[in-house]
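Examining the three-dimensional arrangement
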Amino acid sequence: MTVSAVVYASDGVTTYDDLDAAKAAAGTTWVRLAEPTSDELERVASVYGLHPLAVEDVQNDVRPKIEEFDDHAFVLVKAARLASGDTSFRGELLTNPIGLFVGNDWLVTHAVDDCPAVERTWQFVRTEDDRVLQRGPDFTAYRIVDAVVDDYFGALDDVEDRLEYVEDTVLDETEGDVLAEINDARRELLALRKLLWPTRDAIGALSRGDPPQIREGTEKYYRDVYDHLVQQVDLVETYRDLAAGARDIYLNTLSMSTNEVMKKLTVVATIVLPLTLVVGIFGMNFAEAPWNMPELAWPYAYPAVMLGMGVVSLILLWYFRRESWL
């Protein structure tokens, strides 16, 4: 069943199969849509007067938003989680749009997939939790939105764990895996930022009580959700700075490692250069030439040259060590 309807009041909860009867019943009506068919969606939209543009928005991947209509308010939020599997990239942020149509005494929720936040609130109602039954549809919508926003902390915790791993390894390792971790974290934070900013703006309107369907007594609950979103936005910005700093440290470490290698190669080349010069000069042993080197006929020429090259090498090594190049 993709369409479920209940009517709840302080004296209990009643399940309805007839949407018209559920809307006319005394109490608060909640119609829950979970992957409805086109006919079911049109039926619910007709009974409760849902605007077709709002229905279209909840079926498409649009940013979180709030819209006010004559007899109801439309709120679109997105449940999010970090997932990694055969059909998703590592650390990809998967979102599930949830549409909430809040009337004066009714609530219609629409989710493309089965959403844990909606399911938890639905169970609160079905088990006749007094915290929900004694309040109207705006409070039930708050419980769903609050559960969605609280789940964002889980995604932020996963990013924080990744950044902690990067901070622990970035100074010791210059492998490509570290850079991949940094890039994954930056991509996740960008996706979270694109999700949190419009959600904060939408919940901010609810916390001020802009839609008339949000009662004054419920505004403080939305303000609490708004505070959580402000905290999450601050965390995203902080983590973005940490990720950028970790990338800079990684690139500096990689550059320093390259410089160390080049320094060692330069030392080796500097030592070999005078030796190459010596053997090159003594290698020009033209036989019976008038300008031939007289040392070629000296019986100790070879050991003397080898000893001289060794002394030059030791002097250069001593100098480089004194200058802390080795």
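Residues numbered from 1 in each chain as written. Predicted model: local features only at pLDDT ≥ 70, side-chain atom pairs only at ≥ 80, totals over all residues. Heavy atoms only, no water.

**Structural notes on the packing of helix 6 (residues 137–169) against helix 8 (residues 216–282)**
Between helix 6 and helix 8, whose axes approach to 10 Å, the crossing angle comes to 15°. Comparing the axis directions of helix 6 and helix 8 gives the class roughly parallel. The interaxial crossing formed by helix 6 with helix 8 has left-handed handedness. In terms of residue class, the contact of helix 6 with helix 8 is made up of 21 nonpolar, four polar and six charged. (Axes fitted to C-alpha atoms, helices over the stretch in contact; angles between N-to-C directions. Helix = DSSP H or I, 4+ residues; strand = E, 2+ residues; numbered from the N terminus. Parallel < 35°, antiparallel > 145°, perpendicular 65-115°, else oblique. Left-handed = near helix turned anticlockwise from the far one by under 90°. Nonpolar A, V, L, I, M, F, W, Y, C, P; charged D, E, K, R; others polar.)

**Focus: the packing of helix 8 against helix 9 (residues 301–322)**
The interhelical angle for the contact between helix 8 and helix 9, taken along N-to-C directions, is 160°, at an axis separation of 10 Å. One finds that helix 8 runs roughly antiparallel with respect to helix 9. Crossing geometry of helix 8 relative to helix 9 is assigned as right-handed. On helix 9, the residues that touch Val267, Thr270, Ile271, Pro274, Leu275, Val278, Val279 and Phe282 of helix 8 are Val305, Met309, Val312, Ser313, Leu316, Leu317 and Phe320. Residue classes in the contact of helix 8 with helix 9 are distributed as 13 nonpolar, two polar and no charged. (Contact = heavy atoms within 4.5 Å.)

**A closer look at a nonpolar patch on the surface**
A grouping of Leu307, Val311, Ile315, Trp318 and Tyr319 is seen on the molecular surface, where their side chains present a nonpolar patch of about 520 Å² in accessible area. Taking the relative accessible area as the measure of exposure, Ile315 reaches 48% and is therefore partly exposed. (Patch = residues over 30% accessible without salt bridge, like charges linked within 9 Å, V, L, I, M, F, W, Y side chains within 5 Å. Areas by Shrake-Rupley, 256 points an atom, 1.4 Å probe, with all protein chains shown as cover. Salt bridge = Lys/Arg side-chain N within 4 Å of Asp/Glu carboxyl O. Buried < 20%, exposed > 50% of the residue type's maximum accessible area, 1.4 Å probe, protein only.)

**Focus on the pattern of salt bridges**
When their charged atoms lie close together, side chains carrying opposite charge are able to pair. Under the criterion given, the structure shown has 14 salt bridges. Asp210 is paired through a salt bridge with Arg208; the nearest N and O atoms lie 3.1 Å apart. Here Arg208 falls in the exposed class, since its relative accessible area comes to 55%. Its salt-bridge partner being Glu219, residue Arg223 comes within 3.8 Å of it at the nearest N-O pair.

**Here's the deal with the UniProt feature "transmembrane region" (unreviewed entry) in the protein chain**
Mapped onto this structure's residue numbering, the UniProt feature "transmembrane region" (unreviewed entry) falls at residues 265–287 and 299–320. With 91% helix and 0% strand, residues 299–320 has its two end C-alpha atoms placed 34 Å apart. (UniProt positions renumbered as here; feature names shortened; annotations may be inferred.)

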